[in-house]
Amino acid sequence: MLENMLPNLYLNWFFAALLVFSGIYCMLVSRNLLRLIIGVELLSKAAILALVACGQAMGNLGLAQSIAITMIVLEVVVVAVGLGLVVRAYRQTGSVDMWKFDRLKG
Amino acid sequence: MVTSLPYFAFIAVPALAALACPFAARIKPRYADILANTALAVGLLTALSFIPEIAKPLTLQAWNMGTGLSVFNNDVFSLLMLITVYMVALCTAFYSIFHEMPDGRRGVWNALILVCAAAMCGVAAARDFFTLYVFVEVTAVASYALIAFEDRRESTEGALKYFFLTAPASTFIVLGVALLMLYTGGTSFGHLAQAMSSSGAGDSAVAIILGVMACGFMVKAGLVPFHGWTPDAYQSAPAPVSALLSGVVTKAAGVYALIRIALALRVIYPAHAANAVGQALMFFGALSIVIGALGAVYQRDFKRMLAFSSISQVGYIVLAAGAGTPLALAGALFHLFNHATFKTALFLNSAAVEKQTGTTDMRKLGGLEARMPWTALTSNIAILSTAGIPPLSGFWSKLIIIVALWKAGLQSYAAIAIFASVLTLAYFILMQSRVFFGKTPEHLAKVSEARAGMLLPPILLAAVMIAIGFYFPLLFSNLVEPAAKAFL
């Protein structure tokens, strides 16, 4: 069974790696806070895909799916708090530019 | 017969109190304070009452390989974590009674502190990497909100930096969990131990799994290559929150898991620590010690200097954990507890200084010893303890760590630890002379001592430091030695 699943696993991990790369790239190149949050989202989507792919390859899809659903719930909470921070940032600086936040250094 | 720690109560009581807090605050804002303090005090006393049962009869197991079915941890490490969490959270909640904020927000403030405490108890209870991740995320969410609690631009900046650095870190933790599941079919600590002891997964696979996870946890712990968020978040957070963050949040979210990973390595490679992950932990720990201490020397802000000092001290804990001998692990746990006491006291004192003088900029401070004698006294005790001056608690934990490193044949790391402890003294002497000693400048001539209630937590913590220092031989034979033996 594992042998049949393995090519699938490689493909899934390839896409997970692609998502990780896009997420990190997105976070590195953008100054817009909303795009940074989209980068975080892409990264967690990659993690969910990797979890489900591993669960499928192990023949333990139930565990993987329950973990993935728990993670989706958590991630929504995290992103909601992050968006709250972005709203506050917009109120305080009038823009969503990360580079406006340069007061703390040293 | 193993007494089980009532984790459900430890998690549920603060969580339910957090639910009740906003409603209590609606009746009267002070009820929220009373509720939070009561819940945390009861939790601390309960946790303390378990010391004789858990610690004495050597029931602690380092990794519980045989009992994979048991749901929660039952060792000294988890108990120590619970005590630390409740102690620091209680100090924070008690201190925030005197922290000025709009009355309408007291309920939310206390609820967030309680949620944070409950989640950190969950971290101590977890026997499963995914459960650990869930509670780490809950802790993180509560801390984002706490850092940005005051409507200031700096606070938003600190919280955003914390958010954007630690949210990807959680992703890496989950990727590590996924890999672990791929190799072992499960996510619990027991599965990891099985994978490592059987020949199913090779050493390199174990190293990759643990390496990916350790990267995530190192960001959360604020170790050096990943420390970008730490000073900003600590500096910009409301002062009691800085104490909570430095005292327990980084430890529960990062260091705890790193020590668990080190314990796993200890079971698998008992003879020596020559595995990649242990080496990496030691390297980054030593790097944090040195760069944190060097960074602290150049700081002009009181809280920012304390933040760099935190990075340096967390480095000690991780360095010892990476070394992985029983004595080093015991030293890591001991230093974890000690760091919580002295850094909480220092951050709360910095809050008192900020409240009475209106600034934490060390260029504008000076000569506060005459004006705020108790704050100065407790700060000095905490500073000396951090720097490792003999009778105080910090000396013993650093001594254990250095001796353990030396005995493990890691003389160069031991030398770094000794050298950096001199640096610690250097930056703390700078801080003392700038904030507390010297002539009082004119604009500070009318500063008065903080209120008695604000002084109480630092005084109690200073008493704990002195007591641990003097009763250390007793503590060593009853707690540290059994812990070290149990890790064998």
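Here, the structure is the one placed above.
First, a word on what this report is: a plain description of the structure on this page. (Residues numbered from 1 in each chain as written. Chains lettered and ligands numbered in written order. Predicted model: local features only at pLDDT ≥ 70, side-chain atom pairs only at ≥ 80, totals over all residues. Heavy atoms only, no water.)

1. Structural notes on the pattern of salt bridges
Residue and element names in this part refer to chain B.
1) Next: Applying the stated criterion across every chain yields a total of 14 salt bridges over all chains.
2) Next: Where Arg152 meets Glu150, a salt bridge forms, and the shortest distance between an N and an O atom there is 3.3 Å.
3) Next: Taking the relative accessible area as the measure of exposure, Arg152 reaches 32% and is therefore partly exposed.
4) Next: Close ionic contact of Lys161 with Asp232 constitutes a salt bridge, the shortest N to O distance being 2.7 Å. One end of the pair, Lys161, is in helix H7 (residues 153-184); the other, Asp232, is in helix H10 (residues 229-236), with 71 residues separating them in the sequence.
5) Next: A single network of salt bridges, built from pairs that share partners, joins Arg30, Asp33, Asp103 and Arg106. (Salt bridge = Lys/Arg side-chain N within 4 Å of Asp/Glu carboxyl O. Buried < 20%, exposed > 50% of the residue type's maximum accessible area, 1.4 Å probe, protein only. Helix = DSSP H or I, 4+ residues; strand = E, 2+ residues; numbered from the N terminus.)

2. Details of the environment of Val20(A)
1) Next: Along the chain, Val20(A) falls in helix H1 (residues 2-29).
2) Next: Here Val20(A) falls in the buried class, since its relative accessible area comes to 14%.
3) Next: Each C-alpha atom of the pair Val20(A) and Ala47(A) lies 8.1 Å from the other, and the pair is 27 residues apart in sequence.
4) Next: If sequence neighbours within four positions are ignored, Val20(A) has contacts with Leu43(A), Ala46(A) and Leu175(B). (Contact = heavy atoms within 4.5 Å.)

3. Structural notes on the packing of aromatic side chains
Residue and element names in this part refer to chain B.
1) Next: Enumeration according to the criterion identifies 19 aromatic pairs over all chains in this entry.
2) Next: Between the aromatic rings of Phe94 and Phe98, the centroid separation amounts to 5.9 Å while the plane-to-plane angle is 70°, which identifies the pairing as edge-to-face.
3) Next: Residue class for Phe98 comes out buried when judged on its relative accessible area of 13%.
4) Next: Relative to Phe163, the ring of Tyr144 has its centre 5.1 Å away and its plane inclined at 70°; by these criteria the two rings are edge-to-face. With Tyr144 in helix H6 (residues 129-147) and Phe163 in helix H7, this residue pair connects regions lying 19 residues apart in the sequence.
5) Next: When its relative accessible area of 0% is taken as the criterion, Tyr144 is described as buried.
6) Next: Ring pairs connect the aromatic residues Tyr144, Tyr162, Phe163, Phe164, Trp229, Tyr234 and Phe347, which therefore count as one cluster.
7) Next: If you follow Arg105 out to its NZ or CZ, it ends over the ring of Phe149, 4.2 Å from the centre. (Phe/Tyr/Trp six-rings, centres within 6.5 Å; stacked < 30°, edge-to-face > 60°. Lys NZ or Arg CZ within 6 Å of the ring centre and 35° of its normal.)

4. Some words on the layout of surface pockets
1) Next: If you add up the space inside the second largest pocket, you get close to 590 Å³.
2) Next: What lines the second largest pocket is a set of 24 residues, among which Met27(A), Leu28(A), Phe164(B), Leu165(B) and Pro168(B) lie closest to the centre.
3) Next: Among the elements of the structure, H1 and helix H2 (33-58) of chain A together with H7 and helix H9 (203-221) of chain B are those that each provide at least two residues to the lining of the second largest pocket.
4) Next: Counting residues per element, the lining of the second largest pocket draws most heavily on H7(B), at seven residues. (1 Å grid on protein atoms, 1.4 Å probe; cavity = no way out; pocket = protein on both sides within 12 Å on 5 of 7 lines; lining within 4 Å. Points joined across faces, edges and corners; volume = space filled by probe spheres on them.)

5. Some remarks on the environment of Thr424(B)
Residues and elements named next belong to chain B.
1) Next: Residue position: Thr424 is located in helix H18 (residues 411-435).
2) Next: Take Thr424: its relative accessible area is 0%, and that puts it in the buried class.
3) Next: Sequence spacing of Thr424 and Leu294 is 130 residues, and the spatial spacing of their C-alpha atoms is 8.7 Å.
4) Next: Non-local contacts of Thr424, meaning those with residues more than four positions away in its chain, are made with Gln313, Thr386, Ala387 and Lys398.

6. Considerations on empty space enclosed by the protein
1) Next: This model, assessed by the stated rule, comprises two cavities of 30 Å³ or more.
2) Next: Counted as a void, the largest cavity has a volume near 100 Å³.
3) Next: Val40(A), Ser44(A), Met71(A), Glu75(A), Val78(A), Val79(A), Tyr133(B), Glu137(B), Ala167(B), Ser170(B) and Thr171(B) are the residues that line the largest cavity.
4) Next: Of all the secondary-structure elements, those providing two or more residues to the lining of the largest cavity are H2 and helix H3 (61-93) of chain A together with H6 and H7 of chain B.
5) Next: Top contributing element to the lining of the largest cavity by residue count: H3(A), with four residues.
6) Next: Split by residue class, the lining of the largest cavity holds six nonpolar, three polar and two charged. (Nonpolar A, V, L, I, M, F, W, Y, C, P; charged D, E, K, R; others polar.)

7. Here we look at the packing of H2(A) against H7(B)
1) Next: Contact geometry of H2(A) with H7(B) gives a least axis separation of 8 Å together with a crossing angle of 10°. The orientation of H2(A) with respect to H7(B), classified from their angle, is roughly parallel.
2) Next: Considering only residue class, the contact of H2(A) with H7(B) consists of 24 nonpolar, four polar and no charged. (Axes fitted to C-alpha atoms, helices over the stretch in contact; angles between N-to-C directions. Parallel < 35°, antiparallel > 145°, perpendicular 65-115°, else oblique.)

8. Details of the interface of chain A and chain B
1) Next: At the interface, 43 residues of chain A touch 43 residues of chain B.
2) Next: When the buried area of chain A at its contact with chain B is split by residue, Leu85(A), Arg88(A) and Leu104(A) rank highest and sum to 19% of it.
3) Next: The interface formed by chain A and chain B includes one salt bridge.
4) Next: At the surface where chain A touches chain B, the tally comes to five residue pairs in polar contact (both at pLDDT 80 or more).
5) Next: Tallying contributions element by element places H3(A) first for the side of chain A that touches chain B, with 15 residues.
6) Next: A per-class count over the side of chain A that touches chain B returns 30 nonpolar, eight polar and five charged. (Buried area = accessible area lost by both parts, 1.4 Å probe. Polar contact = N/O pair within 3.5 Å; in protein donor to acceptor, adjacent residues only side chain to side chain.)

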